[in-house]
Amino acid sequence: MKGTIVTSTALKPDAPTGATIIDGKAVALKMRDEQRARIEALQARGVTPGLAVVLVGEDPASSIYVRRKVKACEAVGIKSISHRYPATISNEELLVLIGKLNADPNVHGILVQLPLPAHIDMAKVLETIAPEKDVDGFHLYNVGALVVGRQIFPPCTPYGVMHLLEHSGIEIEGRNVVVVGASNIVGKPMALMLMARDATVAICHAKTRDLGQWTILADILVVAAGVPNLIVPQMVKTGAVVIDVGINRLADGRIVGDVDFEGVRKKASHISPVPGGVGPMTIAMLLENTIISAERTAGIRGPADEF
Ligand SMILES: Nc1nc2c(c(=O)[nH]1)N[C@@H](CN(C=O)c1ccc(C(=O)N[C@@H](CCC(=O)O)C(=O)O)cc1)CN2
Ligand SMILES: [Mg+2]
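Residues numbered from 1 in each chain as written. Chains lettered and ligands numbered in written order. Predicted model: local features only at pLDDT ≥ 70, side-chain atom pairs only at ≥ 80, totals over all residues.

How do you make sense of the overall build of the protein when you look at a structure like this?
A count of helices and strands for the protein gives ten helices and 13 strands. A globule of 307 residues ought to have a C-alpha radius of gyration of about 19 Å, and the protein, at 20 Å, matches this closely. The buried share of the protein, taken over its 307 residues, is 43%. If you take every contact in the protein between residues at least 6 apart in sequence, the share linking residues at least 24 apart comes to 68%. (Helix = DSSP H or I, 4+ residues; strand = E, 2+ residues; numbered from the N terminus. Rg over C-alpha atoms; globule rule 2.2 N^0.38 Å. Buried ≥ 20, exposed ≤ 12 C-beta atoms within 10 Å, placed from the backbone. Contact = placed C-beta atoms within 7 Å.)

As C-alpha cells, this is what we get:
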C-alpha cells in the first residue's frame, strides 16, 4: 500500500466494522506491575517465590517456551531454578528429582515442560508433583478441584483465556460458549472454568461432524484444535467473541492460529490474534500461580479460592 492513503476501516482494530483486538501481550505485560508489587510484599515477609522448571530433551519449541518462562520470572522477581535433562533420563530419575523439589521449602511451584519423551510416564510424573506446588494445574487433584467448581491452580492457558475475557469486559454468565478442542491442558479445563461461571458450554473436537453448525451458535468461541484456518467467517456468528488458542507453524515459518484471522475479524466483536493473544497469557498465569503458591505459604491467602 506504499504511496496510498489507507482509509479502509478493516485495517483499524477498533473500527466499527471490525473486531476489537484482544492484545494478550499487552495484558500480560501490564499484569507484571501488580505481580512485582505482590512479590515485594512477600519479600518483606522473608519469602521469595521460587519456581522449579524441568525440561527433558531437546524439543526446540519447549526450549523456547522454557526460556521465556525463565525470563518472565526474572522480570517480576521470581527465583527460577532450571533442571535440564537429556531425553534419555529414566522415569525413576525424574521421579526422584520431583520428590526433592516437593520437599524443598524454597520451591513454591514445579513445572515439567510438556511434551515429555515417549518413554516417560507423563501421568505418573504429573501425579508425583505435590498438588500444592502444581502451578501448571495438571495434577489429578487440581483437575478434580476444577470439576467441583474450586480453583487451586487452574491450568495456565485456560486461566489466561478467562483473564482476557474479564479484562475485555465480556460477560460470561448465560452465554453460549463453544470450545473447539478437548485436550486435557486446554479444552476440558476451559469448559469447566466457563461452566463454573454459568455459561452454556459445548465441547467440539476433531471428530465433531458439521463443526460449523455448532460454532455458529457461539456468543464466545474458543478454538484450541491445532488446525490452521479451521474457523472461517461463515462458521462465526456476527458479533461473537473469538479466542484463538491454536499455535501452528506453517512451512514458510509463520506462526498462525486456528482461525482465519483476517476473515473472522470483520465479523467478530472481539478477536485474539496469534501470535500475541493467548500465548503470552499462558506465561503470565504461570507467574500468577507461582505467586499465589508463595502467598499461601506466607499465610497471605487461604489454600483455595472459589471461582
Ligand atoms: N508444562 C507445560 N507444558 C506446556 C504448556 C504449559 O502450560 N505447561 N503449554 C504449552 C506450551 N507453552 C508453555 O509452556 C506456551 C506455548 C506458546 C506460548 C506463546 O507465547 N506463543 C506465541 C506464539 C508462538 C511463538 O512465538 O513461538 C504467542 O501465542 O504469541 C507460550 C507458552 C505446551 N506445553
Ligand atoms: Mg498451558
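On we go from here.
Just to check I follow, could you spell out the nonpolar core for this structure?
Grouped burial of nonpolar side chains is what soluble globular proteins tend to show. If you look at the biggest cluster of nonpolar residues, it comprises 87 residues, and the most contacted ones within it are Val161, Val177, Leu221, Val222, Val223, Val242 and Leu287. For this core, the leading source of residues is helix H10 (residues 278–297), giving ten residues. Both domain 1 (46–130) and domain 2 (155–280) contribute no fewer than three residues apiece to this core. (Core = buried A, V, L, I, M, F, W, Y, C linked by C-beta atoms within 7 Å. Domains from an automatic or database assignment.)

How should the environment of Gln151 be read in this particular structure?
Tracing the backbone shows Gln151 in strand S5 (residues 150–151). According to the C-beta neighbour criterion, Gln151 is buried, with 20 such atoms within 10 Å. For the pair Gln151 and Gly277, spaced 126 residues apart in the sequence, the C-alpha separation amounts to 23 Å.

Explanation requested: the packing of helix H6 (residues 156–167) against H10 in the structure shown.
The geometry of a pair of packed helices is captured by two quantities: the angle between their axes and the separation between those axes. Relative to each other, H6 and H10 sit at 105°, their axes nearing to 7 Å. Overall, the two elements H6 and H10 adopt an arrangement that is roughly perpendicular. Residues Cys156, Thr157, Tyr159, Gly160, Val161, His163 and Leu164 of H6 touch H10, and the partners they reach there are Val278, Met281, Thr282, Ala284, Met285, Leu286 and Asn289. Across the contact of H6 with H10, the residue classes break down as nine nonpolar, five polar and no charged. (Axes fitted to C-alpha atoms, helices over the stretch in contact; angles between N-to-C directions. Parallel < 35°, antiparallel > 145°, perpendicular 65-115°, else oblique. Nonpolar A, V, L, I, M, F, W, Y, C, P; charged D, E, K, R; others polar.)

Just checking my understanding: could you explain the domain arrangement of the protein for this structure?
Often, the extent of an interface is quoted as the loss of accessible area on bringing the components together. Taken as a whole, the protein is organised into domain 1 (46–130) and domain 2 (155–280). If you average the C-alpha positions of domain 1 and of domain 2, the two centres end up 28 Å apart.

I keep staring at the sheet that holds strand S6 (residues 176–180) and nothing clicks. Help me out?
Picture the strands of a sheet paired through backbone hydrogen bonds; they go either parallel or antiparallel. Spatial strand order, S1-S12-S9-S8-S6-S7: six strands in an open sheet with parallel pairing. The open sheet has two free edges, formed respectively by strand S1 (20–21) and strand S7 (200–204), since each of these has just one partner strand. Each of S6, S7 and strand S8 (220–223) is contacted by helix H7 (residues 187–196), which is oriented at about 170° to S7, the strand it contacts most. (Pairing = 2+ DSSP bridges.)

Got a minute to help me understand the site of ligand 1 in this structure?
Taken together, 19 residues are adjacent to ligand 1, and Tyr65, Leu114, Pro275, Gly279 and Thr282 come closest. Within the residue set of the shell around ligand 1, elements represented by two or more residues are helix H2 (60–76), strand S4 (109–112), H6 and H10. Considering every element that reaches the shell around ligand 1, the biggest residue donor is H10, with four residues. Classifying every residue of the shell around ligand 1 by side-chain character gives twelve nonpolar, six polar and one charged. Residue assignment places the shell around ligand 1 across two domains, with domain 1 (46–130) and domain 2 (155–280) each supplying three or more. (Near = placed C-beta within 6 Å.)

What should I look at first to understand the sheet that holds strand S3 (residues 79–85) in this one?
In space, the three strands of this open sheet follow the order S3-S2-S4, with parallel pairing throughout. Each edge of the open sheet is held by one strand with a lone partner, namely S3 and S4. Sheet twist, expressed as the average angle between the axes of neighbouring strands with direction ignored, equals 15°. Pairing of strand S2 (residues 50–56) with S4 involves four bridges; the strand directions are parallel. Paired with Ala52 across the strands is Ile110, a residue of S4.

I would appreciate a short explanation of the confidence of the model for the protein in the present structure.
Interpretation of this model should avoid reading the predicted coordinates in detail wherever pLDDT is low. Averaged over every residue, the pLDDT of the protein is 93; the share at 70 or more is 93%. Mean pLDDT values over the elements of the protein span from 55, in strand S13 (residues 305–306), up to 99, in S6. The low-confidence segment residues 1–16 (pLDDT under 50) makes 14 contacts with residues lying over four places distant or belonging to another chain. (pLDDT = per-residue confidence, 0-100.)

When you look at the pairing of S7 in this model, what are you seeing that I'm missing?
Remember that side chains alternate between the two faces of the sheet whenever the strand is regular. Direction of pairing for S6 relative to S7: parallel, over a ladder of five bridges. Along S7, the bridge assignment pairs Val180 with Cys204. One crossover worth recording links S6 to the parallel S7 by way of H7, and it is right-handed. (Right-handed = clockwise from strand over helix to strand, strands pointing away.)

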